[in-house]
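# Working through the structure, step by step
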Amino acid sequence: MKKLLLMSVAAALISTGAFAQSTVVTTTGAGHAAVQIEPEYRTKIHTYVTEHKIRPVETREKIVVGQPVPRDVELEAVPAEWGPSLTKYRYVYSGERVMLVDPSTRTVVQEVD
């Protein structure tokens with residue numbers, strides 16, 4: 001009986017920790033990482049871009065998820081207020097869209113809509 005109770009408590013603690021995360025990274029069939037961002041952090045991202053009057057970059061090619069960002073586009077550091085699990089990424093603001101980019105490959109991993 002004690003063993004069952006301990007297992008139940010452990011399962012509850014593990015599942016509670018999952019709800020506290022700001023993002024979840026999964027891998028798509030194409031091998032690209034997809035970042036799931038909680039709604040509260042999406043709001044923080046949009047507020048940041050608006051309040052700091054971030055100017056969008058203009059490119060000849062459209063910047064899309066799964067494709068690399070052109071080399072001539074400067075990647076910006078992700079601010080800490082976007083959530084601790086996002087600070088390893090960089091971002092590009094283009095066409096009124098925030099695109100999270102893996103800095104090691106310059107590949108767009110998520111569009112923040």
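What you are looking at is a predicted structure, and each value in this text was computed from that prediction instead of being measured. (Residues numbered from 1 in each chain as written. Predicted model: local features only at pLDDT ≥ 70, side-chain atom pairs only at ≥ 80, totals over all residues. Heavy atoms only, no water.)

## What to know about the pattern of salt bridges
For clarity, the cut-off: Definition used for salt bridges: Asp or Glu carboxyl oxygen within 4 Å of a side-chain nitrogen of Lys or Arg. Helix numbering and strand numbering both begin at the N terminus, where a helix is a DSSP run of H or I of at least 4 residues and a strand a DSSP run of E of at least 2.
Following the criterion strictly, the structure yields one salt bridge and no others. We note a salt bridge from Arg97 to Glu111, for which the minimum N-O separation is 3.5 Å. Note that Arg97 is positioned in strand β5 (residues 97-102) and Glu111 in strand β6 (residues 107-112), a separation of 14 residues in sequence.

## Some remarks on the nonpolar core
Put simply, the test is: Working definition of a nonpolar core: buried Ala, Val, Leu, Ile, Met, Phe, Trp, Tyr and Cys residues. They are joined through side-chain atoms within 4.5 Å. Partly exposed describes any residue whose relative accessible area lies between the buried limit of under 20% and the exposed limit of over 50%, with all areas from a 1.4 Å probe on protein chains only and scaled to the type maximum.
Counting residues in hydrophobic clusters, the biggest one holds 16 residues, and the most contacted among them are Ile37, Trp82, Leu86, Tyr91, Val98 and Leu100. Of all the secondary structure elements, the ones that give two or more residues to this core are β2 (33-37), α2 (39-51), β4 (90-94), β5 and β6. The element best represented in this core is α2, accounting for four residues. Residues Val69, Val73, Val92 and Val101 belong to the second largest nonpolar core, which totals eight residues.

## With respect to the packing of aromatic side chains
How we decide: Pairing of aromatic side chains here covers Phe, Tyr and the six-membered ring of Trp, requires ring centres within 6.5 Å, and sorts the geometry by plane angle: under 30 degrees stacked, over 60 edge-to-face, intermediate tilted.
By the definition in use, this model includes two aromatic pairs. Taking the centre distance of 5.5 Å and the plane angle of 85 degrees together, the rings of Tyr48 and Trp82 count as edge-to-face. Residue Tyr48 is found in helix α2, and its partner Trp82 is found in the loop between β3 (76-77) and β4; the two are separated by 34 residues along the sequence. Of the two residues examined, Tyr48 and Trp82, each falls in the buried class.

## Quick look at the sheet that holds β6
Definition in use: Here, any two strands with at least 2 DSSP bridges between them count as paired.
Pairing in this open sheet of four strands is antiparallel, and the strands run β3-β4-β5-β6 from one edge to the other. Pairing within the sheet leaves two strands with one partner each, and these edge strands are β3 and β6. Relative to β5, β4 is paired through five bridges, and the arrangement is antiparallel. Looking at the pairing, Arg90 lines up with Val101 of β5.

## Quick notes on the pairing of β4
In terms of residue burial, β4 counts as a mostly covered element, since four of its five residues are buried. Between β4 and β5, which follow one another and run antiparallel, lie two residues, and Gly95 among them has a positive phi close to 60 degrees.

## Comments concerning the pairing of β5
Every regular strand shows the same layout, with side chains that alternate between the two sheet faces. Here β5 lies mainly inside the structure; five of its six residues are buried. Two elements, β5 and β6, share five bridges in a ladder whose sense is antiparallel. For Val98, the partnering residue across the bridge sits in β6 and is Val112. From the end of β5 to the start of β6, which pair antiparallel, there are four residues, and Arg106 there has a positive phi angle of about 60 degrees.

## Brief notes about α2
This is how it is decided: Expected span, for any helix, means 1.5 Å times one less than how many residues it has. What the arc measures is the spread of directions leading from the helix axis to the C-beta atoms.
For α2, which comprises 13 residues, the first-to-last C-alpha distance of 18 Å matches the rise-based estimate of 18 Å (1.5 Å per residue) to within 8%. Those residues of α2 that fall on the buried side of the exposure criterion are Tyr41, Arg42, Ile45, Tyr48 and Val49. Viewed end-on, α2 has its buried residues packed into an arc of 125 degrees, placing them on one side of the element. Away from the buried face of α2 by more than 90 degrees, exposed residues Pro39, Glu40, Thr43, Thr50 and Glu51 are located. Positive phi shows up at Lys53, right after α2, with a value of about 50 degrees.

Honestly, that's just the spatial picture; any functional story needs more than this.
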